[in-house]
Amino acid sequence: MFSCRAAWQKCAPLARKAAYRLPRDVVQRRPMSSTPGGSGENIVYALMCGGAFVGAVAYAYSTLSTDGARFNDRISEINARPKTEWVPKPWPPKM
């Protein structure tokens, strides 16, 4: 405990001096030559996202519209399975 405190008291002033010498703005900033999105990058991204959305909607519509017969067959198969009549358990349960 004592050695940690002694090391902290000795090194803290050096760390403070070194921290004050560091530049505050490390990331270089480039001056903007035009307005944001003026180069047409946003339009490309919008077209890509819009195309992906249209493709997803078209796939979902075609899947839902063509699988109607398969869905009806599946439901009729499930309904045709033999069922046992449900009988409730006696209440209160016997120990």
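Residues numbered from 1 in each chain as written. Predicted model: local features only at pLDDT ≥ 70, side-chain atom pairs only at ≥ 80, totals over all residues. Heavy atoms only, no water.

> Sorry, what's going on with the overall build of the protein here?
Looking only at helices and strands, the protein features 3 helices and 0 strands. The order of helices and strands in the protein, counted from the N terminus, is α-α-α. Out of the 95 residues belonging to the protein, those deemed buried represent 1%. Counting only carbon and sulfur atoms, one obtains 65% of the accessible surface of the protein, whose full area is about 10,100 Å². (Helix = DSSP H or I, 4+ residues; strand = E, 2+ residues; numbered from the N terminus. Buried < 20%, exposed > 50% of the residue type's maximum accessible area, 1.4 Å probe, protein only. Areas by Shrake-Rupley, 256 points an atom, 1.4 Å probe, with all protein chains shown as cover.)

> Can you help me understand the confidence of the model for the protein in this one?
Note: predicted coordinates in regions of low pLDDT should not be interpreted at a detailed level. Confidence in the prediction of the protein, expressed as mean pLDDT, is 78, and 64% of residues score 70 or more. Mean pLDDT values for the elements of the protein range from 68 in helix H1 (residues 2–21) up to 91 in helix H2 (residues 41–66). (pLDDT = per-residue confidence, 0-100.)

> It is not clear to me how the pattern of salt bridges should be interpreted in this structure. Could you clarify?
Pairs can form between side chains of opposite charge whenever their charged atoms are close. Under the defined criterion, the tally for this structure stands at 2 salt bridges. For Asp67, the salt bridge is made with Arg70, and the minimal N-O distance between the two is 3.7 Å. The partner of Glu77 in a salt bridge is Arg74, with the nearest N and O atoms 3.8 Å apart. Of the two residues, Glu77 and Arg74 are both situated in helix H3 (residues 68–80); the distance of 3 residues between them amounts to about one turn of the helix. On the basis of relative accessible area, Glu77 is assigned to the partly exposed category, the value being 44%. (Salt bridge = Lys/Arg side-chain N within 4 Å of Asp/Glu carboxyl O.)

> What should I look at first to understand unusual backbone geometry in this one?
When glycine is set aside, most residues are seen to have a negative phi, and most peptide bonds are trans. Cis geometry is adopted by the peptide bond preceding Pro92, which originates at Trp91 and carries an omega value of -10 degrees. Checked against the element boundaries, Pro92 lands in the segment after H3.

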